[in-house]
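Spelled out, the chains give:
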Amino acid sequence: IREGPLHWLHAGITLYTISSGILVFSAEDDASWAQWYAMALLPISLGFCMYALHVFLWRADRIKTRIPGRWDDQRGPFILGGLIVLVLTINFITKLKQIVTYETVEL
């Protein structure tokens, strides 16, 4: 499935909304990991938006000059998807470690 620039822009804005929501609601002092997680997602969401602009301008140039060949990017989606998977995996491992080391307090 070929994703257009509007799909990438929508994904970037959605990711930005989620990360800014995490940042706003993690204002407590104990939520430092949530703040780092949100701050890691913000540049990735900016990357999605910049990639959407790049694809839009690149395709417009190819349409204007009628260059034959592929009109889609092979590497960009894998790089952006890999960054998201990396951040989500780090968050999952960190939360799993917190669950394992959690000690119950007996009353």
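Residues numbered from 1 in each chain as written. Predicted model: local features only at pLDDT ≥ 70, side-chain atom pairs only at ≥ 80, totals over all residues. Heavy atoms only, no water.

## What about the overall build of the protein?
The secondary structure content of the protein amounts to three helices and zero strands. Counting from the amino terminus, helix and strand elements in the protein follow one another as α-α-α. Summarising the internal contacts of the protein: among those between residues at least 6 apart in sequence, 62% fall at separations of at least 24. On the protein, roughly 8,400 Å² of surface is accessible, and the fraction owed to carbon and sulfur atoms is 69%. (Helix = DSSP H or I, 4+ residues; strand = E, 2+ residues; numbered from the N terminus. Contact = heavy atoms within 4.5 Å. Areas by Shrake-Rupley, 256 points an atom, 1.4 Å probe, with all protein chains shown as cover.)

## Structural notes on the side chain of Ser-45
Position of Ser-45 relative to the elements: it lies in helix H2 (residues 32–65). Setting aside residues up to four positions removed in sequence, Ser-45 forms contacts with Gly-12, Leu-15 and Tyr-16.

## Structural notes on the environment of Leu-23
In this structure, Leu-23 sits in helix H1 (residues 5–25). For Leu-23 and Gln-35, which are 12 residues apart along the polypeptide, the C-alpha to C-alpha distance reads 5.4 Å. Discounting residues that sit within four places of it in the chain, Leu-23 has contacts with Gln-35, Ala-38, Met-39 and Leu-42.

## A word on the packing of aromatic side chains
Enumeration according to the criterion identifies two aromatic pairs in this entry. Taking the centre distance of 5.5 Å and the plane angle of 55° together, the rings of Trp-8 and Phe-48 count as tilted. Linking Trp-8 in helix H1 with Phe-48 in helix H2, this pair joins segments that are 40 residues apart in sequence. A single burial state applies to Trp-8 and to Phe-48, both of which are buried. When the centroid spacing of 5.2 Å and the interplanar angle of 85° are considered together, the rings of Trp-8 and Tyr-51 count as edge-to-face. Pair noted here: Trp-8 is in helix H1 and Tyr-51 is in helix H2, with a separation of 43 residues, a long-range link. (Phe/Tyr/Trp six-rings, centres within 6.5 Å; stacked < 30°, edge-to-face > 60°. Buried < 20%, exposed > 50% of the residue type's maximum accessible area, 1.4 Å probe, protein only.)

## Brief notes about the packing of H2 against helix H3 (residues 76–100)
H3 packs onto H2 with a crossing angle of 170° between their chain directions and a minimal axis gap of 11 Å. Considered as vectors, H2 and H3 are oriented roughly antiparallel to each other. Along its contact with H2, which presents Trp-33, Tyr-37, Ala-40, Leu-41, Ile-44, Gly-47, Phe-48 and Tyr-51, the element H3 presents Gly-76, Pro-77, Leu-80, Leu-83, Ile-84, Val-87, Leu-88, Ile-90, Asn-91, Thr-94 and Lys-95. In terms of residue class, the contact of H2 with H3 is made up of 14 nonpolar, four polar and one charged. (Axes fitted to C-alpha atoms, helices over the stretch in contact; angles between N-to-C directions. Parallel < 35°, antiparallel > 145°, perpendicular 65-115°, else oblique. Nonpolar A, V, L, I, M, F, W, Y, C, P; charged D, E, K, R; others polar.)

## Some thoughts on the packing of H1 against H2
How two helices sit against one another is set out by the angle between their axes and by the gap between those axes. At a minimum axis separation of 8 Å, H1 and H2 run at an interaxial angle of 165°. Taken as axis vectors, H1 and H2 run roughly antiparallel relative to one another. Our pair here, H1 against H2, has a crossing hand that is left-handed. Grouping the amino acids of the contact of H1 with H2 by side-chain chemistry returns 22 nonpolar, five polar and one charged. (Left-handed = near helix turned anticlockwise from the far one by under 90°.)

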